[in-house]
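Descriptive structure summary
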Amino acid sequence: MRRWERGEAAVSRFLWFGQVAAAKPVTVVEDTDDLVALYIAPGTRFKRVGADPKVHALASRRWRLVDDVWTARTLVLTRPGAAHCILGFWPKDGGDLVTWYVNLEDPLRHSPLGFDGRDVFLDILIKPNGSWRWKDEDEFAQAQHLGLLSRSEAAAIRAEGERVIEDAESSNAWWLQWRAWTPDPFWQTPELLRGWDAVAGTQ
Ligand code: MG
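This structure is a prediction, so every number in the text was calculated from the model and none was measured. (Residues numbered from 1 in each chain as written. Predicted model: local features only at pLDDT ≥ 70, side-chain atom pairs only at ≥ 80, totals over all residues. Heavy atoms only, no water.)

A few words now on the overall build of the protein. Secondary structure summary: the protein contains 3 helices and 12 strands in total. Whereas a compact globule of 203 residues would reach a radius of gyration of roughly 17 Å, the protein reaches 16 Å, a difference of no more than 12%. C-alpha extents for the protein along the principal axes are approximately 40 × 40 × 30 Å. Expressed as a percentage of the 203 residues in the protein, the buried residues total 47%. (Helix = DSSP H or I, 4+ residues; strand = E, 2+ residues; numbered from the N terminus. Rg over C-alpha atoms; globule rule 2.2 N^0.38 Å. Buried < 20%, exposed > 50% of the residue type's maximum accessible area, 1.4 Å probe, protein only.)

Rendered as C-alpha cells:
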C-alpha cells in the first residue's frame, strides 16, 4: 500500500459487487494512519450510477455509469477503520466549514489509484446550528428490501450513525478542528486517472 502525498491527484471510488458505482477525482490533503483527508473541487467531473433509483440498478448488479459534475467545494475526512466519512461544506458566501454530512460506508481501503469504499445509503446531515437529521432513510430501507444489506448489516450501519450523532452532539466533535481549513489555491482540479474503472486486484 502506498501513501499519498499532499496535493496528489487520486481516485475515490464506491464499489458494489466488485464493480465501480462511483468514481471521483480528488486531491489528497492527508493520508496517515489516523486520517485520510481528501478535497473535491467544484467543477470536478466524476462518474456515478446513471439509474434512478440507484438501489434497483445496484440490486440488479448491472448498471451504467454516467458523467456528472461536482458542484460544491467539499472536504472529505475519514478515520481509517471507521465505517463512515465526514464531508464538510462551506457556506456559499465563503467563511469556515459549517455544514457537515456523515456518509455511512464500509471502511476505506487503499487502492492502486487512491481509495475504495462501499456506500451504504444512509446519511446524516448536520446543520450549522448543530441540529442533525437522518437522510436517505427511504433508500436505506429499499436497499434492505432488495437484499443489498442484511438485517444485521443494517443494524450495524444504524449503530455507527448513532455513535457519530453522539460525537456531533458533543461540542468538541473531532472534525471541528478542520473548520478553518482551506484548499491550496494553486491546486488544479484533477481528472479521473487512467485505470479508474479497473477493479481486479483491489478487492
Ligand atoms: Mg450516502
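Resuming the write-up.
What follows concerns the packing of aromatic side chains. For the coordinates displayed, the defined rule picks out 13 aromatic pairs. Three or more aromatic residues joined by ring pairs make a cluster, and in this case those are Y39, W90, W178, W181 and W187. Positioned over the ring face of F17 is R61, at 3.7 Å from the centre of the ring. (Phe/Tyr/Trp six-rings, centres within 6.5 Å; stacked < 30°, edge-to-face > 60°. Lys NZ or Arg CZ within 6 Å of the ring centre and 35° of its normal.)

So, on to the environment of P183. Tracing the sequence through the fold places P183 in the segment after helix 3 (151–169). By relative accessible area, P183 is classed as buried at 13%. Counting along the chain gives 110 residues from P183 to R73, while the straight-line C-alpha distance between them is 9.2 Å. Leave out the neighbours within four places in its chain, and P183 touches Y39, R73 and W90. (Contact = heavy atoms within 4.5 Å.)

The next point concerns the pattern of salt bridges. Scanning all chains against the criterion turns up 12 salt bridges. For the salt bridge of R3 with D33, the shortest nitrogen-to-oxygen distance reads 2.3 Å. On the criterion of sequence distance, the pair formed by R3 in the segment before strand 1 (9–16) and D33 in the loop between strand 2 (19–31) and strand 3 (36–40) is long-range, its members being 30 residues apart. Exposure remark for R3: the relative accessible area of 32% places this residue in the partly exposed category. Take D33: its relative accessible area is 59%, and that puts it in the exposed class. The salt bridge partner of E160 is R163, with a shortest N-O separation of 2.6 Å. With a gap of 3 residues between them, E160 and R163 both fall in helix 3, about one helical turn apart. On the basis of relative accessibility, which here comes to 47%, the residue R163 falls in the partly exposed class. Through salt bridges with shared partners, a single ionic network connects R3, D31 and D33. (Salt bridge = Lys/Arg side-chain N within 4 Å of Asp/Glu carboxyl O.)

On the surface, E162, E166, D167 and E169 cluster together into a negatively charged patch. The topology assignment puts D167 in helix 3. (Patch = residues over 30% accessible without salt bridge, like charges linked within 9 Å, V, L, I, M, F, W, Y side chains within 5 Å. Areas by Shrake-Rupley, 256 points an atom, 1.4 Å probe, with all protein chains shown as cover. Lys, Arg positive; Asp, Glu negative; His and termini not counted. Charge placed at Lys NZ, Arg CZ, Asp CG, Glu CD.)

Think of an α-helix as 3.6 residues a turn; residues three or four steps apart then line up on the same face. In this model, helix 3 (19 residues) spans 27 Å end to end at C-alpha, consistent with the 27 Å of a helix rising 1.5 Å per residue. For helix 3, the secondary structure elements touched by its buried residues are strand 7 (84–89), strand 8 (99–105), strand 11 (119–126), strand 12 (132–135) and helix 2 (137–145). (Expected span 1.5 Å × (residues − 1).)

A separate point is unusual backbone geometry. What you tend to see is this: most non-glycine residues have negative phi, and most peptide bonds are trans. A cis amide bond links D52 with the next residue in sequence, P53, at an omega value of 0°. For P53, the location among the structural elements is in the loop between strand 4 (45–49) and helix 1 (54–60). One non-glycine residue with positive phi stands out, namely R61, at about 65°. In this fold, R61 is placed in the loop between helix 1 and strand 5 (65–69).

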